[in-house]
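Close look at the chain arrangement
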Amino acid sequence: MTLLLPALQSPTGPAASREAVRFGDLSLTYGRLAGASAALAARVTDAGRVAVWATPTPETVIAVVAALRAGIPAVPLNPRTGARELAHILADSEPTVVLAGPDDALPPALEKLRRVTVNGWADTGALEGHGADGAGEAAPLAPAAVAGEAGPESPALIVYTSGTTGPPKGAVLPRRAIAASLDSLEDAWGWTGDDVLVHALPLFHVHGLILGVLGPLRRGGSVRHLGRFSPEGVARELGSGGTMLFGVPTMYHRLAEALDAPEGTTERDALAGALTGARLLVSGSAALPAHDHERIAAATGRRVIERYGMTETLMNTGIRADGAPRPGTVGPPLAGVELRLVEEDGTVLDAAGAIGEIQVRGPNLFTGYLNRPDATAAAHTAGGWFRTGDVGTVDEDGYVTIVGRRATDLIKSGGYKIGAGEIENVLLAHPGVREAAVTGEEDSDLGERVVAWVVAADPDAPPLAEELADHVAAQLAPHKRPRTVRYLDALPRNDLGKIMKRSLHAR
């Protein structure tokens, strides 16, 4: 069996009493989590596949860890998924069991599955107040729960993509890919068992579940989940022993806004001190605007670092803890990952600064899309490179800058290739702009014209379109100026805070 979580195999002594996960006032030690997950694993070892109702709770952690220890794949389900999409995911992945907490109200689509309630640990006091002592006896995993082989290529998780170009596809993530990505981050970030990770990310996706929960557990460290994100929660947990913070740009934007309060304000100063004392501030899932980078750095003296990954590839690149932060970039490829840029015709681009599609290869890649050999083949080249669909550049030092998605963020206007991201950063630096997104629209003269979607800082007095266009042209180049500006009350975003640009086009 490939041990993804060796610290949970049979913790004893001080290791058993170390806190593994904390959700608000509820805490699980390694001893309790080991015993609870082993008991649950024994109940589902013959399930084939299990669905996990992935709420931000300790029950979700126990359920996923139990599936991993039983050697069977888990399908994390977003509790906010609509009925049609949920029905597709269940029909595609065919789980026989759903793991859920005792208080979870499940939708009708899940009624046909056998429900296993994740509360067997309650009788043995597995959940403690986070100041509680005593870990209890850790239960080693019963032999019956490892009846099947769980080698490096065995599927650990089936995570469904966002489905922006059709029904969601199930990315089959083997144990090998999870281990490789987490170990490459250990190398890049100096991640150890002494680290205490703080985050409020959803637990049905790669960022929150694999990096944010399995990452600390693989290292033998701990994770404190906020449940719901708030600057006050971040200040509290980082200020009381947290060493690392994971977030998405919308979260860091809220932190930057909180830091804009006058010095001497109790809440602002507590947050600034907590962020300053953290060992690592990491942003991912989308590009962090330069304006927010600078505001956080000015208030704390600390730089947020970025990394780049996908559901299908897990982690590809990352700024090293001992490297140059370089805001706007996502760092060089991680250990074991190969990365290249290619033109639309497949020509490999070698020149620094050239814009092309990012392709990656390495042990971090998924096995393929469940039940979709056609899509799996189309996503790979003959040489085994995965076509990310993202567009970027690579500088002389190997640092990667993401321009955006090829389908929505690369604008071909007047013979130029224009990245939406750099225009968005300039717009966000304008004092009259609160949020901004840039897309391309068909234009009979230019091929595509640059369109800016803007949420004004003051809705009653938005900046003029001409003012914003001139602002961009002065900072970048005239051909990058928005030809059209559209004003919105808010930008459409998904659960990870990514702007849904296809929804903008639909408007």
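Coordinates for the structure precede this section.
Residues numbered from 1 in each chain as written. Predicted model: local features only at pLDDT ≥ 70, side-chain atom pairs only at ≥ 80, totals over all residues. Heavy atoms only, no water.

Within the protein one finds 14 helices and 26 strands. The C-alpha atoms of the protein give a radius of gyration of 23 Å, which matches the 23 Å a tight globule of 507 residues would have. Taken over the C-alpha atoms alone, the protein extends approximately 70 × 60 × 45 Å along its principal axes. Within the protein, the proportion of its 507 residues that are buried is 56%. Sequence separation of at least 24 residues holds for 65% of the intrachain contacts in the protein that already meet a minimum separation of 6. Total accessible area on the protein stands at roughly 20,400 Å², and carbon and sulfur atoms take up 50% of it. (Helix = DSSP H or I, 4+ residues; strand = E, 2+ residues; numbered from the N terminus. Rg over C-alpha atoms; globule rule 2.2 N^0.38 Å. Buried < 20%, exposed > 50% of the residue type's maximum accessible area, 1.4 Å probe, protein only. Contact = heavy atoms within 4.5 Å. Areas by Shrake-Rupley, 256 points an atom, 1.4 Å probe, with all protein chains shown as cover.)

Pairing is mixed in the open sheet, where 3 strands are placed in the order 24-25-26. The open sheet is flanked by strand 24 (433-443) and strand 26 (484-487), the only strands paired with a single partner. With direction set aside, neighbouring strand axes in the sheet form an average angle of 25°. As judged from the 10 bridges shared by strand 24 and strand 25 (residues 447-456), these two strands associate in the antiparallel manner. Each bridged residue has a counterpart across the sheet, and for Thr 439 the counterpart in strand 25 is Val 451. Lying on the sheet, helix 12 (residues 420-428) is in contact with strand 24 and strand 25; it crosses strand 24 at an angle near 145°. (Pairing = 2+ DSSP bridges. Axes fitted to C-alpha atoms, helices over the stretch in contact; angles between N-to-C directions.)

For Glu 94, which is not glycine, the phi torsion reads 50° and is therefore positive. Along the polypeptide, Glu 94 turns up in the loop between helix 4 (83-93) and strand 5 (97-100). Using a relative accessible area of 56% as the deciding quantity, one classes Glu 94 as exposed. Located in the positive-phi region is Ser 285, a residue other than glycine, with phi close to 80°. The topology assignment puts Ser 285 in the loop between strand 13 (280-283) and helix 10 (290-300).

Before going further, it helps to examine helix 3 (residues 58-70). A rise of 1.5 Å per residue sets the reference length of helix 3, with its 13 residues, at 18 Å; its end C-alpha atoms lie 18 Å apart and thus fit the reference within 8%. Within helix 3, 13 of the 13 residues are buried, leaving the element largely enclosed by the surrounding structure. Looking one or two places after helix 3, you find Gly 71, whose phi comes out positive at around 80°. (Expected span 1.5 Å × (residues − 1).)

Now for the sheet that holds strand 21 (residues 400-405). Strand order in this open sheet of 5 strands is 17-16-18-20-21, and the pairing throughout is antiparallel. In the strand order of this sheet, the two ends are held by strand 17 (348-349) and strand 21, each with one partner. With 5 bridges joining them, strand 16 (residues 338-342) and strand 18 (residues 356-361) adopt antiparallel strand pairing. Bridge assignment links Leu 341 to a residue of strand 18, and that residue is Ile 358.

One can find Asp 260 in the loop between helix 8 (249-259) and helix 9 (266-277). Its relative accessible area of 47% is what places Asp 260 among the partly exposed residues. At 2.4 Å, the side chain of Asp 260 and the side chain of Arg 295 are in polar contact. (Polar contact = N/O pair within 3.5 Å; in protein donor to acceptor, adjacent residues only side chain to side chain.)

Bringing the nonpolar core into the picture now. The biggest cluster of nonpolar side chains holds 105 residues, and the ones touching the most others in it are Leu 99, Trp 189, Ile 210 and Leu 217. For this core, the leading source of residues is helix 3, giving 9 residues. In contact with Leu 99, other than residues within four places in its own chain, are Leu 40, Val 44, Val 50, Ala 51, Val 52, Trp 53, Ala 63, Val 116 and Val 118. (Core = buried A, V, L, I, M, F, W, Y, C linked by side-chain atoms within 4.5 Å.)

With that settled, the discussion passes to the packing of helix 12 against helix 13 (residues 465-475). When two helices pack together, you describe them by how their axes are tilted relative to each other and by the distance separating the axes. The contact between helix 12 and helix 13 brings their axes to 10 Å, and the two run at 115°. Crossing of helix 12 over helix 13 shows right-handed handedness. Here Ile 423, Val 426 and Leu 427 of helix 12 lie close against helix 13, whose contacting residues are Leu 468, His 471, Val 472 and Gln 475. (Left-handed = near helix turned anticlockwise from the far one by under 90°.)

Another aspect to go through is the packing of aromatic side chains. With the rule as written, the count across this model stands at 5 aromatic pairs. Plain terms: the ring middles of Trp 189 and Phe 246 are 5.7 Å apart, the flat faces sit at 65° to each other, and that makes the pair edge-to-face. Taken as a pair, Trp 189 in helix 5 (residues 175-189) and Phe 246 in strand 12 (residues 244-247) lie far apart in primary sequence, 57 residues in all. Each member of the pair, Trp 189 as well as Phe 246, carries the same accessibility label: buried. When the centroid spacing of 5.5 Å and the interplanar angle of 80° are considered together, the rings of Phe 366 and Phe 386 count as edge-to-face. Linking Phe 366 in the loop between strand 18 and strand 19 (368-369) with Phe 386 in strand 20 (residues 386-394), this pair joins segments that are 20 residues apart in sequence. (Phe/Tyr/Trp six-rings, centres within 6.5 Å; stacked < 30°, edge-to-face > 60°.)

Here we take up helix 4. All of the buried residues in helix 4 are Leu 86, Ile 89, Leu 90, Asp 92 and Ser 93. All buried residues of helix 4 project into a common sector of 165° when viewed along the axis, lining one side. Within helix 4, the exposed residues directed more than 90 degrees away from the buried face are Ala 83, Arg 84 and Ala 91. Buried-residue contacts for helix 4 involve strand 4 (74-77), strand 8 (155-160) and strand 9 (170-174). Trailing helix 4 by a residue or two, Glu 94 shows a phi angle of about 50°, which is positive. (Arc of directions from axis to C-beta.)

Take Gly 301: it is sitting in the loop between helix 10 and strand 14 (305-310). The exposure class assigned to Gly 301 is exposed, which follows from its relative accessible area of 64%. A C-alpha to C-alpha distance of 23 Å links Gly 301 and Thr 401, two positions 100 residues apart in sequence.

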